[in-house]
Amino acid sequence: PSLGHKALFWQGCVKRGILFGPSNFIMCSHTLSVIEHTLGVCEDVLREMKEVWTNPASKLEGPAPQEIIIR
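The text that follows walks through the structure, step by step, so that each part is easy to find. Since the model is a prediction, treat every value here as computed from it, not as a measurement.

1. Considering the overall build of the protein
Phase 1 of the analysis: For the protein, the helix and strand inventory stands at two helices and zero strands.
Phase 2 of the analysis: The C-alpha extent of the protein, read off along each of the three principal axes, is 35 × 35 × 20 Å.
Phase 3 of the analysis: Per-residue burial over the protein gives 24% buried out of 71 residues.
Phase 4 of the analysis: When contacts within the protein are restricted to residue pairs at least 6 apart in sequence, those whose partners lie at least 24 apart make up 71%.

Below you can see the structure in the form of structure tokens.
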């Protein structure tokens, strides 16, 4: 997927109380209920994204993030 897809996924998760970053790890402090809740949020967001898959930017509430490559 594109950067727009990532942005829309992150936006949907944040609106539901889950903050993802560029890398994520499950750790011992995450309980089973937290993991199940997070997976449920991911499923909901991905289901909504399916409706606008060809144009994810149409549902973004701001500009899509830009990738920065430093050489």
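2. Some remarks on the layout of surface pockets
Phase 1 of the analysis: Within this model, the second largest pocket holds a volume of roughly 200 Å³.
Phase 2 of the analysis: Taken together, Leu-8, Gln-11, Gly-12, Lys-15, Arg-16, Val-45, Glu-48, Met-49, Glu-51, Val-52 and Lys-59 form the lining of the second largest pocket.
Phase 3 of the analysis: Elements represented by at least two residues in the lining of the second largest pocket include exactly helix H1 (3-15) and helix H2 (32-50).
Phase 4 of the analysis: When residues in the lining of the second largest pocket are grouped by element, the largest group, four residues, is from H1.
Phase 5 of the analysis: Of the residues contributing to the lining of the second largest pocket, the split by class is four nonpolar, two polar and five charged.

Definitions and cut-offs
- Residues numbered from 1 in each chain as written.
- Predicted model: local features only at pLDDT ≥ 70, side-chain atom pairs only at ≥ 80, totals over all residues.
- Heavy atoms only, no water.
- Helix = DSSP H or I, 4+ residues; strand = E, 2+ residues; numbered from the N terminus.
- Buried < 20%, exposed > 50% of the residue type's maximum accessible area, 1.4 Å probe, protein only.
- Contact = heavy atoms within 4.5 Å.
- 1 Å grid on protein atoms, 1.4 Å probe; cavity = no way out; pocket = protein on both sides within 12 Å on 5 of 7 lines; lining within 4 Å.
- Points joined across faces, edges and corners; volume = space filled by probe spheres on them.
- Nonpolar A, V, L, I, M, F, W, Y, C, P; charged D, E, K, R; others polar.

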